Amino acid sequence: MLAWLWTRLSEGGPEVAVSGRALRRFSEQEIERLLRARVLIERRQADNWSVCAHCDCGLDARPIRRVGDKLLACCPHDAAEDVLLEPGDLKRFGIDAGCLAAQIGKSGSLTGSVSIVAEGVWTIGSGPAAGVLMLCDDAKRLGAPGVILAMKSAAAPRPVTVIATEPDPALVLRLREAGIEAWDVTAVIRTNAEGVDRLVLDGTSVSTGDVRLVLHRPAQFAVLDGRRLDLPPQMFALFRMFVERSVQRDPVFKAEEIEAQFQRSPREFVRDLRKALIACGLAEEVAEGLVRTVRTRGYRLGLASSEVAIED
Ligand SMILES: [Zn+2]
């Protein structure tokens, strides 16, 4: 239930509400426990119900009617689509993110207290292997300026592991560059035989798949296999074109296109780019393989599209 609630929060934001019907899948004791812990906050009951999935009734919500001793969410078009409701289904609950973060920390027997590190990021305690554990309600927040620094300084000198919902590979690589490991919430919160969710600290970092090169477009740098490449502006502009091409259908940047776009001899320009990459610390053959010559046509990035991620 803890992982399910955290995922709802990640998808719906701080104002998300869950219905009593959605909570039916969980045990009453567990719901009761989370109500007492102020994780679930009971709100005003619903007086209408969402429309059927593919309805063309044009309503925003469908009315709830009492028919005999039954409670029905009625479709104006098709009685077969009516939903029979239990009285508890109409309950509505908000989720208190801080209290939920505290419960998740508690379920993993972490030591230390819960505190806010940045908007939507909580420290939930520390564990022996993972250092300081943090929980984030929306992985995108971790890419905002200053957040990584705030997390590191809150934990210093201990390392940080951050748990979030489906962080994308480019972000995971960026966090790893900064020395922070990322775990996916569903991989580290597991349901035990009693149906209770627990944080299990033997998680493994989120796989970044095949990604080897991340292009950070706004900040104008790239990272190859963990090494940061800071190129002079003109070199970055050319390198960026190669990276952008590499994820398109035809990854080849034709010699005449380079000439037209940059007003420079393609051969010299590419030679300069390889030199600049070597100046960033790449071995000569790596630079050569990264910007590859395609005979009679032009040049291309020497990586498959699946090995490349572009961050904006
Ligand atoms: Zn309908």
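Residues numbered from 1 in each chain as written. Predicted model: local features only at pLDDT ≥ 70, side-chain atom pairs only at ≥ 80, totals over all residues.

> Quick question: what am I supposed to make of the overall build of the chain here?
From N to C terminus, the chain includes eleven helices and 21 strands. The C-alpha atoms of the chain give a radius of gyration of 26 Å, which is well past the 20 Å a tight globule of 312 residues would have. C-alpha atoms of the chain, sized along the principal axes, occupy 85 × 55 × 30 Å. In the chain, which comprises 312 residues, the share counted as buried stands at 31%. By sequence separation, contacts in the chain at least 24 residues apart represent 54% of the contacts at least 6 residues apart. (Helix = DSSP H or I, 4+ residues; strand = E, 2+ residues; numbered from the N terminus. Rg over C-alpha atoms; globule rule 2.2 N^0.38 Å. Buried ≥ 20, exposed ≤ 12 C-beta atoms within 10 Å, placed from the backbone. Contact = placed C-beta atoms within 7 Å.)

> Hey, could you run me through the packing of helix α1 (residues 2–12) against helix α4 (residues 97–107) in this one?
Two measures define how a pair of helices packs: the angle their axes make with one another and the distance between the axes. Direction vectors running N to C along α1 and α4 enclose 145°, while the axes themselves pass 11 Å from each other. In the packing of α1 onto α4, the handedness of the crossing is left-handed. Residue-level contacts link Leu-2, Leu-5, Trp-6 and Leu-9 of α1 to Ala-97, Leu-100, Gln-103, Ile-104 and Ser-107 of α4. When its residues are assigned to classes, the contact of α1 with α4 shows seven nonpolar, two polar and no charged. (Axes fitted to C-alpha atoms, helices over the stretch in contact; angles between N-to-C directions. Left-handed = near helix turned anticlockwise from the far one by under 90°. Nonpolar A, V, L, I, M, F, W, Y, C, P; charged D, E, K, R; others polar.)

> Could you clarify how one ought to interpret the domain arrangement of the chain in this entry?
Interfaces are often described in size by the accessible area the parts lose on coming together. For the chain, the assigned domains read domain 1 (7–95), domain 2 (97–199) and domain 3 (213–311). A separation of 53 Å is found between the C-alpha centroids of domain 1 and domain 3. (Domains from an automatic or database assignment.)

> Please clarify how the sheet that holds strand β16 (residues 221–224) should be interpreted in this entry.
Within a sheet, each strand pairs with its neighbour through backbone hydrogen bonds, oriented either parallel or antiparallel. Read from one edge of the open sheet, four strands run β17-β16-β15-β21, paired in mixed fashion. Every interior strand has two partners, whereas the edge strands, β17 (227–229) and β21 (308–311), have only one. When the angles between neighbouring strand axes are averaged without regard to direction, this sheet yields 20°. (Pairing = 2+ DSSP bridges.)

> I tried to follow α4 on my own but got confused; where do I start?
Owing to its 3.6 residues per turn, the α-helix brings residues three or four apart onto one side. Within α4, burial applies to Ala-97, Leu-100, Ala-101, Ala-102, Gln-103, Ile-104 and Gly-105. Of the surrounding elements, those touching the buried residues of α4 are α1, β7 (92–95), β9 (121–127), β10 (131–136), β13 (189–191) and β14 (197–199).

> Before we go on, may I ask you to explain the environment of Trp-4 in this structure?
Tracing the sequence through the fold places Trp-4 in helix α1. Judged by the 18 C-beta atoms lying within 10 Å of it, Trp-4 is partly exposed. Once the C-alpha coordinates of Trp-4 and Asp-197 are considered, the two residues, 193 residues apart in sequence, prove to be 9.4 Å apart.

> In this structure, what is going on with the pairing of strand β20 (residues 298–301)? I would like to understand it.
Each regular strand displays side chains that alternate between the two surfaces of the sheet. Summarising the sheet, strand β18 (residues 253–254) and β20 pair through two bridges and their orientation is antiparallel. Residue pairing across strands places Phe-253 opposite Tyr-299, the latter belonging to β20. Summarising the sheet, strand β19 (residues 291–294) and β20 pair through four bridges and their orientation is antiparallel. By the bridge assignment, Val-291 is partnered in β20 with Leu-301. Hairpin connection from β19 to β20: three residues lie between these consecutive antiparallel strands, with Thr-296 at a positive phi of about 65°.

> Is there a simple way to explain helix α8 (residues 233–246) in this structure?
Across its 14 residues, α8 extends 20 Å between first and last C-alpha, which sits within 8% of the 20 Å expected from 1.5 Å per residue. Burial in α8 covers these residues: Met-235, Phe-236, Leu-238, Phe-239, Phe-242, Val-243, Arg-245 and Ser-246. (Expected span 1.5 Å × (residues − 1).)

> Where do I start with unusual backbone geometry in this structure?
Working note: non-glycine residues mostly have negative phi, and peptide bonds are mostly trans. A cis amide bond links Ala-156 to the next residue, Pro-157, at an omega of 5°. Non-glycine residue Arg-38 carries a positive phi angle of around 65°. Inspection of the secondary structure puts Arg-38 in the loop between α3 (28–36) and β2 (40–43). Phi at Glu-166 is positive, roughly 40°, even though this residue is not glycine. Its place among the elements puts Glu-166 in the loop between β11 (160–164) and α6 (169–177).

> What am I meant to see in the nonpolar core here?
The tendency in soluble globular proteins is for nonpolar side chains to be buried side by side. Within the largest apolar cluster, 72 residues are counted, with the highest numbers of intra-cluster contacts made by Leu-100, Ile-104, Ile-124, Met-134, Met-151 and Val-162. Considering every element that reaches this core, the biggest residue donor is α8, with six residues. If near-sequence neighbours (up to four positions away) are discounted, Ile-104 is found in contact with Leu-2, Trp-6, Ile-124, Leu-135, Ile-189 and Leu-199. (Core = buried A, V, L, I, M, F, W, Y, C linked by C-beta atoms within 7 Å.)

> Any chance you could explain the sheet that holds β19 here in plain terms?
Taking strand neighbours across the sheet as the criterion, the three strands line up as β18-β20-β19 in an open arrangement whose pairing is antiparallel. In this open sheet, the two strands that pair with only one neighbour each are β18 and β19.

> So what exactly am I meant to see when it comes to the pairing of strand β15 (residues 213–216) here?
In the sheet, β15 pairs with β16 via four bridges, with the strands oriented antiparallel. From the neighbouring strand, Leu-215 faces β16, where its bridge partner is Ala-222. Where β15 folds back on β16, the antiparallel hairpin that results is connected by four residues, among which Gln-220 adopts a positive phi of roughly 55°. When β15 meets β21, the two strands line up parallel, connected through four bridges.

> I tried to follow the environment of Met-235 on my own but got confused; where do I start?
Structurally, Met-235 is set in helix α8. Judged by the 20 C-beta atoms lying within 10 Å of it, Met-235 falls in the buried class. Residues within four places of Met-235 in sequence aside, it is in contact with Asp-272, Leu-273 and Ala-276.

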